[in-house]
2 protein chains.
Amino acid sequence: MTNTARFELFSFWRTSATYRVRVAFNLKGVTPQEHTINLDAGEQRSEAFLKINPMGAIPALVDHGPGQPQTPLTQSLAILEFIEESFPTPALLPTDAHGRARVRSLAAMLAADTHPLITPRVKKYLTTQSGFDDAAWRAWQIHWFTTGLQALEQRLINEPGTGTFCHGDTPTIADICLASIIAVMRVFKIDVPGIPTVMRVMAACEQLEAFAAADPSRQVGAPKV
Amino acid sequence: MTNTARFELFSFWRTSATYRVRVAFNLKGVTPQEHTINLDAGEQRSEAFLKINPMGAIPALVDHGPGQPQTPLTQSLAILEFIEESFPTPALLPTDAHGRARVRSLAAMLAADTHPLITPRVKKYLTTQSGFDDAAWRAWQIHWFTTGLQALEQRLINEPGTGTFCHGDTPTIADICLASIIAVMRVFKIDVPGIPTVMRVMAACEQLEAFAAADPSRQVGAPKV
């Protein structure tokens, strides 16, 4: 592990987007200094954190490398690309342009089309403005997890790029996004039927310590089982 | 304009995600052959289109370049990165890693955090499963457009990277995503207050023919005013 002092990562044990960043750093062998922002206690709106990231959002990554701007890096997909550019080995994107486009497209199906629908701010709107009770919220979560993962399953089955992982035989940004969704589904105790290929890829990811060590259950602040 | 015969773009006049791809190609001086998939008529689920993209989603970009796979490229953010890699000039991403991360983060606030919440499939769920009437759907749209664009405004005001455009003085992927959201808001006749910097950047985009020519109102299939 290298560069321990260079990066500070503001995160929370349960969130899918910080899981992604954690896995990418693990795969690159880089350990940021991680700070918990307790979303359940509203710490993302504390004066101290708003000085670091005025948007009050995690993940936020501060780069203390020499001469680097102190504006935090935000948005998990942007941070994953930054990590890939800063630490090229092992590669988390394929070498050909079509392969990279496929990986980014698979990643976006999950990180852009699926995950934003089941975030805390959406839950807040639907439960306070739209009369959703716990059952309606859970049905909503299940609907979008199912829609996103069954669509991914169809692509993984039918497209020739699929290998041990979503694309080929080494993990990419697409696998990181896939695992981030499954990890959060487990936190919510939700199962999606009909996704054997997705779950085979997830099992391959979990064989790797980079993924296993990033699991929500193993982070500071996670409830004791 | 070059490479006219290389790309086929499946699109619809109104959709934000195809607008993004259209602007990026325009900025690069590349003209794909564009085919309308009429979402109002359900053509995305037609047998003919499902043979091209089994996911039934647009934008879908087929690359007829020599030796290229015929699996269509999908997801607008992935397609924008592909266009940038394939046609590097003029650059739609900055040359420094932190700048690229900022541009991708601004883009994700709109294309990943905002737009997925106001898509037709979300409207379908909320109106058929959750009892949303027209007023409730419109309030939902306004809420998420306002949340996304006011958050963007705060970043554009406070972060040193902002210039004539979202980042510096030439258009990037962030401006393409910003303009795609404003263009769709106009289709829905929605205004968001308190975003003068966002609207200043939008005006700078509209000075460029690459953006103006991509406007929904100027596409095949748009209603006559």
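Throughout, residues of each chain are indexed from 1 in the direction in which the sequence is written. For this description, chains carry letters from A and ligands carry numbers from 1, given in the order in which they are written. In view of the model being predicted, local features appear only for residues whose pLDDT reaches at least 70, and side-chain atom pairs are presented and counted only at 80 or more, with totals across whole chains, interfaces and linings using the full set of residues.

### What to know about the relation of the copies chain B and chain A
Item 1. Overlay of chain B on chain A (RMSD 0.0 Å): rotation 180 degrees, translation along the axis 0.0 Å. The transformation relating the two chain copies, once decomposed into turn and shift, fits a two-fold axis. For chain B, the residue whose C-alpha comes nearest the rotation axis is B:Ala112, separated from it by 2.1 Å.
Item 2. A high fraction, 100%, of the interface residues of chain B reappear at the interface in chain A, so the copies pair face to face through one surface. In this comparison the copies share one frame, found by least squares on the C-alpha atoms of residues holding pLDDT of at least 70 in both. Here contacts are defined at the residue level, using C-beta atoms placed from the backbone and a cut-off of 7 Å between them.

### Re the confidence of the model for chain A
Item 1. Residue-level confidence of the predictor is summarised by pLDDT, bounded by 0 at the bottom and 100 at the top. Here chain A averages 94 in pLDDT, and 98% of its residues register 70 or above.
Item 2. Predicted complex metrics record ipTM = 0.96 and pTM = 0.96.

### Let's talk about helix α3 (residues 76–86) of chain A
Item 1. Among the 11 residues in α3(A), eight count as buried, and that is most of the element.
Item 2. Here the buried face of α3(A) lies against α1 (16–28), β3 (60–63), β4 (73–74), α4 (97–111) and α7 (173–187) of chain A together with α4 (97–111) of chain B. Exposed residues have 12 or fewer other C-beta atoms within 10 Å of their own C-beta, buried residues have 20 or more, and residues in between are partly exposed; the C-beta atoms are placed from the backbone. A run of H or I in DSSP becomes a helix once it reaches four residues, and a run of E becomes a strand once it reaches two; helices and strands are each numbered from the N terminus.

### Considering the packing of helix α6 (residues 134–158) of chain A against helix α8 (residues 196–206) of chain A
All names here are of chain A.
Item 1. Contact geometry for α6 and α8: axes closest at 7 Å, N-to-C directions at 85 degrees. It follows from the interaxial angle that α6 and α8 lie roughly perpendicular. Between α6 and α8, the contacting residues are Leu149, Leu152, Glu153, Leu156 and Ile157 on the first element and Thr197, Val198 and Val201 on the second.
Item 2. Per-class residue counts for the contact of α6 with α8 are six nonpolar, one polar and one charged. Axis geometry follows a simple rule: fit a line to the C-alpha atoms, using only the stretch in contact for helices, then measure angles between N-to-C directions, giving values from 0 to 180 degrees. An angle below 35 degrees is treated as roughly parallel, one above 145 as roughly antiparallel, one from 65 to 115 as roughly perpendicular, and anything else as oblique. Each residue is assigned to one of three groups, with Ala, Val, Leu, Ile, Met, Phe, Trp, Tyr, Cys and Pro labelled nonpolar, Asp, Glu, Lys and Arg labelled charged, and all others, Gly among them, labelled polar.

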